[in-house]
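So the chains spell out like this:
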Amino acid sequence: MNRIPKSGVHNPLKNVERYLQFGEISRRAGAALSDPIIAEFFIQTIQKTVPKSHAQAAGEVKVTADFLNNFGGDNVRFLARSFGVPGDHYGQFSNGHRWPYGPVAIIAPFNFPLEIPVLQLMGALFMGNKPVLKPAEKSRGGVIDFELEYSVDTVYRIIACGGYVAGEDQGEGQD
């Protein structure tokens with residue numbers, strides 16, 4: 001993680017094609033989660049790990065699918081929107097872009113095993129960050145099943161263990 005530049009994996013000036021790549025990944029994953037058979041798989045996975053009713057688990061899957069569908073296509077690019085501000089002298093103006101932070105950590109709670117990790121992970125990836133995702137130990141099934149099924153990218157890490165093992169795994173020099 002130390003080797004990831006603060007400018008991120010992509011930004012408005014570097015690897016701009018990745019905005020469209022993530023738009024396509026988001027479109028495909030959103031379409032898949034909208035499929036009733038796949039949605040039911042994730043609903044049952046959520047119910048196995050968290051005490052939720054079928055309707056509550058279905059709501060979590062729907063929110064996740066809607067988020068992914070919303071950013072399908074060209075919409076990821078608009079997250080890095082630029083702005084221009086006129087200056088106080090003739091011919092002066094200021095331009096700016098939204099930039100990634102570089103490496104980021106996502107610590108997900110147990111009670112939303114799919115929605116919160118996926119929304120935070122995809123948002124970080126959309127902007128060009130390199131996230132490390134630590135789902136809750138007792139409910140990590142949903143997001144890990146999502147990751148294995150749709151393999152969104154290889155530019156992030158999932159810590160699927162707890163305690164001192166997770167600390168040792170994050171040793172210096174590992175990416």
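Residues numbered from 1 in each chain as written. Predicted model: local features only at pLDDT ≥ 70, side-chain atom pairs only at ≥ 80, totals over all residues. Heavy atoms only, no water.

**Re helix α2 (residues 36–49)**
Helix length check: α2 (14 residues) gives 20 Å between terminal C-alpha atoms against 20 Å at 1.5 Å per residue, within 8%. Among all positions of α2, only A39, F42, I43, T45 and I46 are buried. Buried residues along α2 cover an arc of 160 degrees about the axis, so they all sit on one side. In α2, the exposed positions that point more than 90 degrees away from the buried face belong to I37 and K48. Capping of α2 at its N-terminal end is provided by D35; its side-chain oxygen lies 2.8 Å from the backbone amide nitrogen of I37. (Helix = DSSP H or I, 4+ residues; strand = E, 2+ residues; numbered from the N terminus. Expected span 1.5 Å × (residues − 1). Buried < 20%, exposed > 50% of the residue type's maximum accessible area, 1.4 Å probe, protein only. Arc of directions from axis to C-beta. Polar contact = N/O pair within 3.5 Å; in protein donor to acceptor, adjacent residues only side chain to side chain.)

**Some remarks on the environment of L68**
Take L68: it is sitting in helix α3 (residues 54–70). Overall, L68 belongs to the buried group, its relative accessible area being 0%. For the pair L68 and G30, spaced 38 residues apart in sequence, the C-alpha separation works out to 4.7 Å.

**Remarks on the side chain of T64**
As for its placement among the helices and strands, T64 is situated in helix α3. Filtering out sequence-adjacent residues up to four positions away, T64 remains in contact with L33, L114, E115, V118 and L119. (Contact = heavy atoms within 4.5 Å.)

**Structural notes on the packing of helix α1 (residues 17–34) against helix α4 (residues 115–127)**
Between α1 and α4, the shortest axis-to-axis distance is 9 Å and the interhelical angle comes to 155 degrees. Looking at the two axes, α1 sits roughly antiparallel to α4. Contacts between α1 and α4 involve Y19, F22, I25 and S26 from the first element and M122, L125 and F126 from the second. Taken together, the residues of the contact of α1 with α4 sort by class into six nonpolar, one polar and no charged. (Axes fitted to C-alpha atoms, helices over the stretch in contact; angles between N-to-C directions. Parallel < 35°, antiparallel > 145°, perpendicular 65-115°, else oblique. Nonpolar A, V, L, I, M, F, W, Y, C, P; charged D, E, K, R; others polar.)

**Overview of the pattern of salt bridges**
Tallied over the entire structure, the rule returns four salt bridges. Across the pair E60 and K52 runs a salt bridge, and its minimum N-O distance is 2.7 Å. Taken as a pair, E60 and K52 share a single burial class, namely buried. One salt bridge in this structure joins D66 and K62, with 2.7 Å as the shortest N-O distance. (Salt bridge = Lys/Arg side-chain N within 4 Å of Asp/Glu carboxyl O.)

Distances and angles like these do not, on their own, reveal function.
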